[in-house]
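As a plain string of letters, each chain reads:
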Amino acid sequence: MADNHDEERDPSADRARQVRPLPMLTFAGAGPEGLESAMDVPMELRHNVLVTSVDKVVNWARKSSLWPVAFGLACCAIEMMAVGTSRFDLSRFGAEVFRPSPRQADLMIVAGTVTTKMAPAVRRIYDQMADPKYVIAMGACTIAGGPFQGSYSTVPGIDNFLPVDVHVPGCPPRPDALLWGILKLQEKIDTQSLADQRQQSRTA
């Protein structure tokens, strides 16, 4: 009887009995830098499969490829230019491609004093930028008028005519302060939702 039982054994059943659970990989390190998997992925698939949401992928792409529009208004612009040098290396954060045209840019770094005569031109450049677009107010003059606050010719903060995402204080701010502002903007972009943006565009 024992011999007959051995002959009737199904090899596929034996293989099924030998199957062990696949070791799982937690989402730390499961994808490209800055893009993490929302679920555990088997070790055998961790180099080929990433489970995440559309929001995370889109936000990761947007925050990793900010294109600032190239213009400066006063002394803060010198510090903004220094950010692109090898000492500070803005390209580490994917934001080194300063574009000469606002139609190719999605980030406006307002660096310097904004006069009442210049404000309409700044607003026009902002309106020509592609959506979604972001604004960094760099320096005390841009944020609140700086030492020219109260002057008849100076705008007391660009919040009066532009939606500002990040304020970088200083007179002028150091280049590494602007890097901090860009990192803060990336954190803000990382929390955005496509559904919320679509709803806002409909109500606007």
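All figures in this text were calculated on a predicted structure; none of them were measured in a lab.

A. Structural context of the overall build of the chain. For the chain, the count of helices and strands is 8 helices and 5 strands. Scanning the chain from its N terminus toward the C terminus, one meets helices and strands in the order α-α-β-β-α-α-β-α-β-α-β-α-α. Counting over 204 residues, the chain shows a buried share of 32%. Relative to all contacts within the chain whose residues are 6 or more apart in sequence, the contacts with residues 24 or more apart total 69%. Total accessible area computed for the chain in this model is approximately 12400 Å², and 55% of it derives from carbon and sulfur atoms.

B. Quick look at the sheet that holds strand β5 (residues 166-168). Taken together, the 3 strands give an open sheet; going across it, the order is β3-β4-β5, and neighbouring strands pair in parallel fashion. Looking at strand neighbours, the two that pair on one side only are β3 (107-111) and β5, the edges of this open sheet. The mean angle between the axes of side-by-side strands here comes to 20°, regardless of whether they run parallel or antiparallel. Pairing of β3 with strand β4 (residues 134-138) involves 5 bridges; the strand directions are parallel. Note that in β4 the partner of Val110 across the bridge is Ala137.

C. Region of the structure containing the nonpolar core. Membership of the largest hydrophobic core comes to 22 residues, with the highest contact counts inside it found for Leu66, Ile136, Leu178 and Leu185. Looking at this core, the elements that each hand over two or more residues are α4 (76-83), β3, β4, β5 and α7 (175-189). When residues no more than four places from it in sequence are discounted, the contact partners of Leu185 are Leu66, Leu107, Tyr134, Ile136, Asp165 and Val166. Grouped together as the second largest cluster of nonpolar side chains are 17 residues, Val110, Ala119, Ile158 and Leu162 included.

D. Layout of the pattern of salt bridges. The tally for this structure, following the rule as stated, stands at 6 salt bridges. A salt bridge links Asp127 to Arg123, with the nearest nitrogen and oxygen atoms 3.0 Å apart. Of this pair, Asp127 and Arg123 both sit in helix α5 (residues 119-128), 4 residues apart, which is roughly one turn of the helix.

E. The packing of α4 against α7, seen in detail. As a packed pair, α4 and α7 sit with axes 8 Å apart at the nearest point and diverge in direction by 75°. Overall, the two elements α4 and α7 adopt an arrangement that is roughly perpendicular. Contact residues: α4 offers Glu79, Met80, Ala82 and Val83, while α7 offers Pro175, Leu178 and Leu179. Grouping the amino acids of the contact of α4 with α7 by side-chain chemistry returns 6 nonpolar, no polar and 1 charged.

F. Up close: the side chain of Lys133. Along the chain, Lys133 falls in the loop between α5 and β4. In this structure Lys133 comes out as buried when scored by relative accessible area, which is 18%.

G. Quick look at the state of the cysteines. Counted by the stated rule, this structure contains 0 disulfides. A disulfide-free cysteine, Cys76 has its sulfur positioned 5.0 Å from the sulfur of Cys75, the nearest such atom. Here Cys76 falls in the buried class, since its relative accessible area comes to 5%. Between Cys171, a cysteine without a disulfide, and Cys141, which holds the nearest cysteine sulfur, the sulfur-to-sulfur distance is 5.3 Å.

H. Molecular detail of unusual backbone geometry. With an omega of -5°, the peptide bond between Asp131 and Pro132 qualifies as cis. By the element assignment, Pro132 lies in the loop between α5 and β4. Across the junction of Cys171 and Pro172, the peptide omega takes the value -10°, indicating a cis bond. The phi dihedral of Asp89 is positive, around 55°, even though this residue is not glycine. Along the polypeptide, Asp89 turns up in the loop between α4 and β3. You can call Asp89 partly exposed: its relative accessible area is 28%.

Quick notes on the rules
- Residues numbered from 1 in each chain as written.
- Predicted model: local features only at pLDDT ≥ 70, side-chain atom pairs only at ≥ 80, totals over all residues.
- Heavy atoms only, no water.
- Helix = DSSP H or I, 4+ residues; strand = E, 2+ residues; numbered from the N terminus.
- Buried < 20%, exposed > 50% of the residue type's maximum accessible area, 1.4 Å probe, protein only.
- Contact = heavy atoms within 4.5 Å.
- Areas by Shrake-Rupley, 256 points an atom, 1.4 Å probe, with all protein chains shown as cover.
- Pairing = 2+ DSSP bridges.
- Axes fitted to C-alpha atoms, helices over the stretch in contact; angles between N-to-C directions.
- Core = buried A, V, L, I, M, F, W, Y, C linked by side-chain atoms within 4.5 Å.
- Salt bridge = Lys/Arg side-chain N within 4 Å of Asp/Glu carboxyl O.
- Parallel < 35°, antiparallel > 145°, perpendicular 65-115°, else oblique.
- Nonpolar A, V, L, I, M, F, W, Y, C, P; charged D, E, K, R; others polar.
- Disulfide = S-S within 2.5 Å.

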